[in-house]
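This is what each chain is made of:
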Amino acid sequence: MTLWITLLILLGLLLFLAELVLLPGITVAAVGAFCCLVGAVTWAFVGGGMVMGFIVLAVVVVMLVLLTILFLRPRTWNRFALKTNIESQVQPVEIEKQVEVGVQGITLTRLAPMGKVQIDGQIFEAKSLDSYIDPRQEVIVIGYDNATLVVRGAE
């Protein structure tokens, strides 16, 4: 009997922690924790008498309070937090310095309206403003849009 009460208490506390940390809100874990803990206390009162029932009730209440305090402290979660600072940044090289307006290239993919073009052996993201351009077509750079080339067909 004591083994089953202990197992119910442990299962109830695990479900309580899952509810507290992983699944906040009223979920199956909260209902399961409540049922396990109430079942353990009830079983202790019925099978062990008043003294054992109150001892189990006190243990459950103390454990719930301690676990709540322990897991809601910021210092507890600082141990698990990532403390690495990321110093790098994603900043594309200014495309205006790499490709000049008026330079010709060839499309590698269909520009519908965006795709890839190859200019002087380098591959760039490009977009066509006026029409779709099929692969392997010659294009001319007419401008820039952030890190994207703006091109038109070279007719």
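Residues numbered from 1 in each chain as written. Predicted model: local features only at pLDDT ≥ 70, side-chain atom pairs only at ≥ 80, totals over all residues. Heavy atoms only, no water.

Participant: Would you mind going over the overall build of the protein with me for this structure?
Facilitator: Looking only at helices and strands, the protein has four helices and five strands in total. For the protein, the α and β elements follow one another from N to C terminus as α-α-α-α-β-β-β-β-β. The C-alpha atoms of the protein give a radius of gyration of 33 Å, which is well past the 15 Å a tight globule of 155 residues would have. Along the first, second and third principal axes, the C-alpha atoms of the protein reach 95 × 30 × 20 Å. Here the protein holds 155 residues, and 27% of them are scored as buried. Long-range contacts, defined as pairs at least 24 residues apart, comprise 47% of the intrachain contacts of the protein with a sequence gap of at least 6. Counting every atom, the protein has about 10700 Å² of accessible surface; 65% of that belongs to carbon and sulfur. Of the side chains in the protein, 10 bear a positive and 12 a negative charge, and the two mean positions are spaced by 17 Å. (Helix = DSSP H or I, 4+ residues; strand = E, 2+ residues; numbered from the N terminus. Rg over C-alpha atoms; globule rule 2.2 N^0.38 Å. Buried < 20%, exposed > 50% of the residue type's maximum accessible area, 1.4 Å probe, protein only. Contact = heavy atoms within 4.5 Å. Areas by Shrake-Rupley, 256 points an atom, 1.4 Å probe, with all protein chains shown as cover. Lys, Arg positive; Asp, Glu negative; His and termini not counted. Charge placed at Lys NZ, Arg CZ, Asp CG, Glu CD.)

Participant: Would you mind going over the sheet that holds strand 4 (residues 138–145) with me for this structure?
Facilitator: Whenever strands of a sheet pair, they do so through backbone hydrogen bonds, lying parallel or antiparallel. The five strands lie next to each other as 1-2-3-5-4, forming a closed barrel whose pairing is mixed. The sheet shows a mean angle of 55° between the axes of neighbouring strands, taken without regard to direction. Pairing analysis gives six bridges linking strand 2 (residues 114–119) to strand 3 (residues 122–128), with the strands arranged antiparallel. Note on strand 3: the bridge partner recorded for Gly115 is Ala126. (Pairing = 2+ DSSP bridges. Axes fitted to C-alpha atoms, helices over the stretch in contact; angles between N-to-C directions.)

Participant: Explanation requested: the UniProt feature "domain: NfeD-like C-terminal" (unreviewed entry) in the protein in the structure shown.
Facilitator: What UniProt calls "domain: NfeD-like C-terminal" (unreviewed entry) maps, in this numbering, to residues 101–152. Here residues 101–152 runs as 0% helix and 58% strand, with 11 Å between its end C-alpha atoms. (UniProt positions renumbered as here; feature names shortened; annotations may be inferred.)

Participant: What should I look at first to understand the pattern of salt bridges in this one?
Facilitator: A side chain with one charge may pair with a side chain of the opposite charge, provided their charged atoms come close. Here the structure, examined in full by the defined rule, presents three salt bridges. As a salt-bridge pair, Asp134 and Arg110 come within 3.6 Å of each other at their nearest N and O atoms. Within this pair, whereas Asp134 is found in the loop between strand 3 and strand 4, its partner Arg110 is found in the loop between strand 1 (104–107) and strand 2, the two being separated by 24 residues in sequence. Overall, Asp134 belongs to the partly exposed group, its relative accessible area being 43%. Salt-bridge contacts for Asp145 lead to Lys127; the nearest nitrogen and oxygen are separated by 2.3 Å. You can see Asp145 sitting in strand 4 and its partner Lys127 sitting in strand 3, a full 18 residues away along the chain. For Lys127, a relative accessible area of 19% puts it in the buried group. (Salt bridge = Lys/Arg side-chain N within 4 Å of Asp/Glu carboxyl O.)

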